[in-house]
Amino acid sequence: MFFLFGLTTREHLQSTRSASCRYCGVFAPQQLIQRRTKLSVFFIPLLTVKKTRLQACTNCGGTSRLSGMEERSLAH
Ligand SMILES: [Zn+2]
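Along each chain, the written sequence defines residue order, and numbers are assigned to residues from 1. Two thresholds apply to this predicted model, a pLDDT of at least 70 for residue-level local features and 80 or more for giving and counting side-chain atom pairs, whereas whole-chain, interface and lining totals are computed over all residues. Hydrogens and water molecules were not included; the side-chain quantities draw on all heavy atoms of the structure.

(A) Region of interest: the coordination of the zinc ion. Metal coordination here is assigned from N, O and S atoms located within 2.8 Å of the ion, or within 3.2 Å for Na, K and Ca; omission of water means that sites may look incomplete. At this site the zinc ion is bound by Cys21 (SG), Cys24 (SG), Cys57 (SG) and Cys60 (SG), with donor distances of 2.3 Å. For a four-donor site, all angles between 85 and 135 degrees give tetrahedral; for four or six donors, opposite pairs above 155 degrees with the remaining angles between 65 and 115 give square planar or octahedral; all remaining cases count as irregular. Geometry at the zinc ion is tetrahedral, judged from the 4 donor atoms that bind it and their angles of 102 to 120 degrees at the metal. The motif formed by the donor residues of the zinc ion, counted along the single chain, is C-x2-C-x32-C-x2-C. Placement of the pair is Cys24 in the loop between strand E1 (5-20) and strand E2 (27-41) and Cys57 in strand E3 (residues 44-57), with a sequence separation of 33 residues. On the accessibility criterion, Cys24 (32% relative accessible area) is partly exposed. Starting at the N terminus, helices and strands are each numbered in turn, a helix being any DSSP run of H or I of at least four residues and a strand any DSSP run of E of at least two. Classification of residues uses two cut-offs on accessible area relative to the type maximum, computed with a 1.4 Å probe and protein chains only: under 20% is buried, over 50% is exposed, and between them is partly exposed.

Okay, here's the thing in structure tokens:
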């Protein structure tokens, strides 16, 4: 008997806010993206293995990972 394991990564756009980009320095809309990596067995996603939040600049396309502290400051 064999099992088919795999990892699937999905990205969800959560919100967009205007802020100055840390890469290009332009005040442009920044997209807040949640990325989830799931462990799947026989192509059925079972567990969320990893959850990260990214901020992507719509001007230059630069992405950066958000730390827990930055996430909290975005909530306000
Ligand atoms: Zn930028």
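Back to the write-up after that little detour.
(B) Quick look at unusual backbone geometry. A positive phi angle, near 55 degrees, is found at Phe42, a position not held by glycine. Tracing the chain through its elements places Phe42 in the loop between E2 and E3. You can call Phe42 partly exposed: its relative accessible area is 39%. Here the phi dihedral of Phe43 falls at roughly 65 degrees; this positive angle occurs in a residue that is not glycine.

(C) Main features of the sheet that holds strand E4 (residues 63-65). Here we have 4 strands laid out as an open sheet, ordered E1-E2-E3-E4, and antiparallel in their pairing. Two strands close off the open sheet at either side, each with one partner strand: E1 and E4. Across the sheet, the mean angle separating the axes of adjacent strands is 30 degrees when strand polarity is ignored. Paired strands are those between which DSSP finds at least two bridges. For E1 and E2, the ladder comprises 15 bridges, and the chain directions are antiparallel. Following the sheet pairing, Thr16 is matched in E2 by Gln31. Axis definition: a line fitted to C-alpha atoms, limited for helices to the stretch in contact. Angles are taken between N-to-C directions and run from 0 to 180 degrees.

(D) Seen up close, the pattern of salt bridges. Salt bridge, as applied in this entry: a Lys or Arg side-chain nitrogen positioned within 4 Å of an Asp or Glu carboxyl oxygen. For the structure shown, the criterion picks out 1 salt bridge. The salt bridge involving Glu11 is made with Arg35; its shortest N-O contact spans 2.6 Å. Note that Glu11 is positioned in strand E1 and Arg35 in strand E2, a separation of 24 residues in sequence. Judged by its relative accessible area of 45%, Glu11 is partly exposed.

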